[in-house]
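Spelled out, the chains give:
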Amino acid sequence: MRGPSLVDVIPHYAVMLLAVFLAVGAAEYVAGDLSLWVELAIITAVVFTYRPVARLLGLAPDGW
């Protein structure tokens with residue numbers, strides 16, 4: 001089995017970046033100004049849950 005090529009994963013990293021901006025923006029909209037540590041916690045949660053969710057939905061590249 002080969003690893004994922006760059007062309008396979010670029011769209012996923014773009015979606016992940018968009019998800020990070022949306023999650024932080026939504027949290028700031030709901031809770032107001034957030035501290036750096038809360039923003040980092042949200043970013044970490046989105047980044048580490050993206051791959052399992054993409055696999056669960058069947059959207060992940062073969063190398064994942």
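Residues numbered from 1 in each chain as written. Predicted model: local features only at pLDDT ≥ 70, side-chain atom pairs only at ≥ 80, totals over all residues. Heavy atoms only, no water.

Participant: Looking at this structure, I do not really get the environment of Ile43. What am I missing?
Facilitator: Here Ile43 shows up in helix H2 (residues 36–57). The class for Ile43 is partly exposed, based on a relative accessible area of 29%. Sequence-wise, Ile43 and Ala19 are 24 residues apart; in three dimensions their C-alpha atoms are separated by 9.0 Å. In this structure, Ile43 is in contact with Val20 and Val24, ignoring residues within four places of it in sequence. (Helix = DSSP H or I, 4+ residues; strand = E, 2+ residues; numbered from the N terminus. Buried < 20%, exposed > 50% of the residue type's maximum accessible area, 1.4 Å probe, protein only. Contact = heavy atoms within 4.5 Å.)

Participant: Even after reading the chapter, I still don't get helix H1 (residues 6–31), so can you show me in this structure?
Facilitator: Each α-helix winds once per 3.6 residues, and so residues spaced three or four apart point in a common direction. Compared with an ideal rise of 1.5 Å per residue, which puts 26 residues at 38 Å, H1 spans 37 Å between its outermost C-alpha atoms and is within 8% of the ideal. Along H1, the positions that sit buried rather than exposed are Val9, His12, Met16, Val20, Val24 and Ala27. Against H2 lie the buried residues of H1. Of the residues one or two after H1, Gly32 is the one with positive phi, at around 85 degrees. (Expected span 1.5 Å × (residues − 1).)

Participant: Explain the nonpolar core to me, please; I cannot follow it from the model alone.
Facilitator: In summary, soluble globular proteins display a tendency toward joint burial of nonpolar side chains. Counting residues in each nonpolar core, the largest one holds 5 residues, listed as Val9, Met16, Tyr50, Ala54 and Trp64. Where this core is concerned, the elements lending two or more residues are H1 and H2. Setting aside its immediate chain neighbours within four residues, Val9 contacts Pro4, Pro61 and Trp64. (Core = buried A, V, L, I, M, F, W, Y, C linked by side-chain atoms within 4.5 Å.)

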